[in-house]
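# Secondary and tertiary structure notes
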Amino acid sequence: FQAEDGIRDQPRSRGRGDVYKRQDISRSFKVDGVNRDHDHCAVSPQEYESNLRELVSRLAQTGAKLIWATSTCVPVHSSAKGRQNIDVIQYNEIAKRVMRKNCIVVNDLYELSDQKLRTHQRNHPADAHFDDDGYYILGAQVAQCIHGQL
């Protein structure tokens, strides 16, 4: 299971993809008091929280041990259309709140990417993707978190 994929039979929720996968939607909402239009987040913060609650509820029924990984940071000058780090921060905080309430371990990949991976962004500093060394560092933290929960 990948959080980005969300619940496959619930197309309104794509987990982390709700933050940065843009859709041509004809509505706007506020994020941190700023109006956001159709070229921004796919769902409002309120919808994201509701989607996560449903996701956690359904996954909890499986009896699986759950670990949530936060979204990595987005460079200030990202070339990705509509991607803003302020949104990633806000949606990560929503996710962490939902996960804490449900006693789910949070693997904070945002903190790692913000503190240690800025020099490992692929191609140029505005790229939200990482080079091989950056992905190795991310993978090591993911493996360590999973191992710690076994």
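The rules behind these values
Residues numbered from 1 in each chain as written. Predicted model: local features only at pLDDT ≥ 70, side-chain atom pairs only at ≥ 80, totals over all residues. Heavy atoms only, no water. Helix = DSSP H or I, 4+ residues; strand = E, 2+ residues; numbered from the N terminus. Contact = heavy atoms within 4.5 Å. Areas by Shrake-Rupley, 256 points an atom, 1.4 Å probe, with all protein chains shown as cover. Buried < 20%, exposed > 50% of the residue type's maximum accessible area, 1.4 Å probe, protein only. Polar contact = N/O pair within 3.5 Å; in protein donor to acceptor, adjacent residues only side chain to side chain.

Quick look at the overall build of the protein now. Within the protein, the secondary structure is distributed over 5 helices and 4 strands. If you list the helices and strands of the protein from N to C, you get α-β-β-α-β-α-β-α-α. Looking at the protein alone, contacts between residues at least 24 apart form 59% of all its contacts between residues at least 6 apart. Working note: accessible area of the protein is about 8,700 Å², and carbon and sulfur atoms make up 50% of it.

To continue, consider the side chain of lysine 96. You can see lysine 96 is positioned in helix 3 (residues 85-101). On the basis of relative accessibility, which here comes to 16%, the residue lysine 96 falls in the buried class.

Another point: the environment of threonine 62. Relative to the assigned elements, threonine 62 resides in the loop between helix 2 (45-60) and strand 3 (67-69). At 3.2 Å, the side chain of threonine 62 forms a polar contact with the backbone nitrogen of alanine 64.

Interpretation in functional terms is not warranted from these geometric data alone.
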